[in-house]
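A look at the structure
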Amino acid sequence: FYPNFHNEKIYEMPVLFNYEAWAPWNKEFSADTLVKELLPVFKKWYGDDFQTLQHPVQGTVYYQMKGRRRINLFVRDDQFVQAVFTDLKVEKEIKNNTQKNSNAQ
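Just so it is clear, the model here is predicted, and its values are computed rather than measured. (Residues numbered from 1 in each chain as written. Predicted model: local features only at pLDDT ≥ 70, side-chain atom pairs only at ≥ 80, totals over all residues. Heavy atoms only, no water.)

Focus on the overall build of the protein
Counting secondary structure elements, the protein contains 2 helices and 6 strands. In sequence order, the secondary structure elements of the protein are arranged as β-β-α-β-β-β-β-α. On the principal axes, the C-alpha backbone points of the protein span a range of 50 × 30 × 30 Å. Each of the 105 residues in the protein was classed as buried or not, and the buried ones make up 31%. (Helix = DSSP H or I, 4+ residues; strand = E, 2+ residues; numbered from the N terminus. Buried < 20%, exposed > 50% of the residue type's maximum accessible area, 1.4 Å probe, protein only.)

Details of the sheet that holds strand β5 (residues 69–75)
Read from one edge of the open sheet, 6 strands run β1-β2-β6-β5-β4-β3, paired in antiparallel fashion. Only two strands of the sheet have a single partner each, and these edge strands are β1 (4–6) and β3 (51–55). Strand-to-strand twist of the sheet, defined as the mean angle between neighbouring strand axes without regard to direction, takes the value 20 degrees. As defined by bridge partners, β5 adjoins strand β6 (residues 81–87) across 7 bridges and the pair is classed as antiparallel. The residue bridging N72 from the neighbouring strand is V84, located in β6. (Pairing = 2+ DSSP bridges. Axes fitted to C-alpha atoms, helices over the stretch in contact; angles between N-to-C directions.)

Examining unusual backbone geometry
Positive phi, normally seen in glycine, also occurs at N7, with a value near 55 degrees. Even without a glycine there, the phi angle at E8 is positive, about 65 degrees. Structurally, E8 is set in the loop between β1 and β2 (9–17). Judged by relative accessible area, E8 falls into the exposed class, the value being 77%.

Concerning the pattern of salt bridges
Here the structure, examined in full by the defined rule, presents 3 salt bridges. We note a salt bridge from R70 to E91, for which the minimum N-O separation is 2.9 Å. You can see R70 sitting in strand β5 and its partner E91 sitting in helix α2 (residues 88–104), a full 21 residues away along the chain. R70 sits in the buried class, given a relative accessible area of 16%. Assessed through its relative accessible area of 28%, E91 is described here as partly exposed. (Salt bridge = Lys/Arg side-chain N within 4 Å of Asp/Glu carboxyl O.)

Examining the nonpolar core
Counting residues in hydrophobic clusters, the biggest one holds 15 residues, and the most contacted among them are L38, F42, F50, Y62, L73, V81 and F85. The set of elements that each furnish at least two residues to this core consists of α1 (31–46), β5 and β6. Top element by residues in this core is α1. It accounts for 6 residues. Look past the residues within four positions of V81 in its chain and what remains in contact with it is V15, L16, F17, A31, L34, V35, L38, L73, F74, V75 and R76. (Core = buried A, V, L, I, M, F, W, Y, C linked by side-chain atoms within 4.5 Å. Contact = heavy atoms within 4.5 Å.)

Purely spatial values, then, with no claim about function.
Here you go:
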């Protein structure tokens, strides 16, 4: 994983998962299969209240929002499932600062 920083602190952490035996011709180890195995694990670790939404680019996204944290879990491509952990307070701060800067120009 390669976290994203804001003010020298991690505010977002994308994590990639894949099967070691993944190969383009081996559909039993595709990301579509892996996400179905990962979702119950994430529910066990973080709670059973994951919701689903259809994203125009990422397809089906499983997400959970608790307090300041959002977790998104989705198929990135044939090989990888991606989870993104985000601090919502910092994300909002960055968005507000970006809007202020664009309005000032």
